[in-house]
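Each chain, letter by letter, is given below.
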Amino acid sequence: MSTFESITATVRAGRRISSEDARFLFESNDLLAIGELAALANQAKNGKNVFFNVNRHINPTNICVNRCAFCAFSRTSGEAGAYTLALEEICRRAAEAAAEGATEVHIVGGLHPDLAFEFYEEMLSALALAAPGIHIKAFTAVEIDYFASISGLTVEQVLKRLIAAGLGSMPGGGAEILVEQVRQRICPEKISGTRWLEIIRLAHQAGLKTNASMLYGHLESCADRVAHMELLRNLQDETGGFQAFIPLAFQPENSDLKLDTRGTSGLDDLKTLAISRIFLDNFDHIKAYWVMLGEKIAQVSLAFGVNDLDGTVVEEKIGHDAGALTPQSQTKEGIIRLIRKAGKVPVERDTLYRPLATF
Ligand code: V47
Ligand code: SF4
């Protein structure tokens, strides 16, 4: 049976906690004790360093055939507010980002019913010319699966062609909660959790690094969160291809999920980040995505095991269409200040976590 004493001994010895231990921690309200354990686990991996990067998000289209119940960003083709950016505009934004010091573009979008796979290949080639040297982190496993289905290619072939066209790595979206009963309620049209894991495995085998996210604070239970993290931990044991784990706090406005909540609590946010740091012993980085958490909780999370604050972002749509009240962008100076005031050392990184500058 799990107790705080047994879990503390396990973490102090640098050993792996069990799913039962993680469920026990979720049931506890001793936030400070959980935070202390997470800080200990993080200290061993990252010391006082906190990473961030200078990046720009670009969402080429919000037209999506899936229409997940939690998603306020997507539109049906022809619906008010639906958009698709021209290749020139995507390139213009990337070139502008590069000129402003960004080292990464983060590109994800809806599953468009009419765009061919070649559009995405051309986009990558055009970006490589418009913003030479910038790292392109693009397409969730959900999009990769969709590209395979619209092109008739295998997932391996899709990945190979995208890599040849300039794809550098993949973000962690589309994971939501990998437990099927929850998925059926929040995103019934989306690929299964098993398929998400299969595609990420293939991406890792093709040499791509990816992240893994978890959308929490909707219909899932704490046991579902632990089951989700266990699936990720198992895959990471197998491939080693994950860089960061990113819990995404659900933003409830304008979505079709009718919940009697106005979003996650600060306590739940910090507990979830801290427990993920303790449980995912084979992940190097836990990222607090300030867009969904708010800057204050993101800053406080640096004392709860978090070692990455994501990036400058610049134009965030997914969380803001769902009512996020945070700014849409951060300056590099703003992020550095936030980290410094938390008593940590800001380290600008590239997408693959190579340090670029320490402040
Ligand atoms: O998969 C959609 C989530 C994800 C809402 O890898 C929502 O570095 C909250 O994955 N409330 C996309 N979340 C964003 C994402 C991400 C973000 C930042 C960094 C990285 C990375 C990845 O956004 C989707 C979905 O889980 N999402 N709607 C909502 N209402
Ligand atoms: Fe489409 Fe992604 Fe939104 Fe689901 S979360 S509706 S797949 S854009």
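These figures come from a predicted structure and were not determined experimentally. (Residues numbered from 1 in each chain as written. Chains lettered and ligands numbered in written order. Predicted model: local features only at pLDDT ≥ 70, side-chain atom pairs only at ≥ 80, totals over all residues. Heavy atoms only, no water.)

Regarding its fold elements, the chain presents 15 helices and ten strands. Rg of the C-alpha trace for the chain: 19 Å, near the compact-globule value of 21 Å for 359 residues, within the 12% margin. By principal-axis analysis of the C-alpha atoms, the chain measures approximately 55 × 45 × 40 Å. Of all 359 residues assigned to the chain, the portion counted as buried reaches 58%. The long-range share in the chain, meaning contacts at least 24 apart out of those at least 6 apart in sequence, stands at 74%. Per element, the accessible surface of the chain, about 14200 Å² overall, is 51% carbon and sulfur. (Helix = DSSP H or I, 4+ residues; strand = E, 2+ residues; numbered from the N terminus. Rg over C-alpha atoms; globule rule 2.2 N^0.38 Å. Buried < 20%, exposed > 50% of the residue type's maximum accessible area, 1.4 Å probe, protein only. Contact = heavy atoms within 4.5 Å. Areas by Shrake-Rupley, 256 points an atom, 1.4 Å probe, with all protein chains shown as cover.)

Okay, empty space enclosed by the protein next. Within this structure, the stated rule accounts for three cavities of 30 Å³ or more. Roughly 780 Å³ of volume is contained in the largest cavity. Of all elements in the fold, only α6 (141–151), β5 (210–216), β6 (242–249) and α14 (318–321) reach the threshold of two or more residues within the lining of the largest cavity. One number sums up the size of the second largest cavity: a volume of about 50 Å³. Considering the residues around the second largest cavity, the lining is formed by 13 residues, among which Glu104, Lys137, Asn211, Gln243 and Thr351 are closest to the centre. Partitioning the lining of the second largest cavity into residue classes produces two nonpolar, six polar and five charged. (1 Å grid on protein atoms, 1.4 Å probe; cavity = no way out; pocket = protein on both sides within 12 Å on 5 of 7 lines; lining within 4 Å. Points joined across faces, edges and corners; volume = space filled by probe spheres on them. Nonpolar A, V, L, I, M, F, W, Y, C, P; charged D, E, K, R; others polar.)

Another aspect to go through is the sheet that holds β5. Taken in spatial order, the three strands make up an open sheet running β5-β6-β7, and their pairing is parallel. Each edge of the open sheet is held by one strand with a lone partner, namely β5 and β7 (285–286). With two bridges connecting them, β6 and β7 associate as parallel partners. The residue bridging Phe245 from the neighbouring strand is Ile286, located in β7. (Pairing = 2+ DSSP bridges.)

In this structure the tally under the stated criterion is 22 salt bridges. With a shortest N-O distance of 2.7 Å, Glu89 and Arg93 are connected by a salt bridge. Residue Glu89 and its partner Arg93 are located together in helix α4 (residues 87–99), separated by four residues, close to a single helical turn. For Glu89, a relative accessible area of 23% gives the class partly exposed. The shortest N-O distance in the salt bridge between Glu121 and Arg161 comes to 2.8 Å. Of the two residues, Glu121 sits in helix α5 (residues 117–130) while Arg161 sits in helix α7 (residues 155–165), which places them 40 residues apart along the sequence. Arg161 gets classed as partly exposed once you look at its relative accessible area, which sits at 31%. (Salt bridge = Lys/Arg side-chain N within 4 Å of Asp/Glu carboxyl O.)

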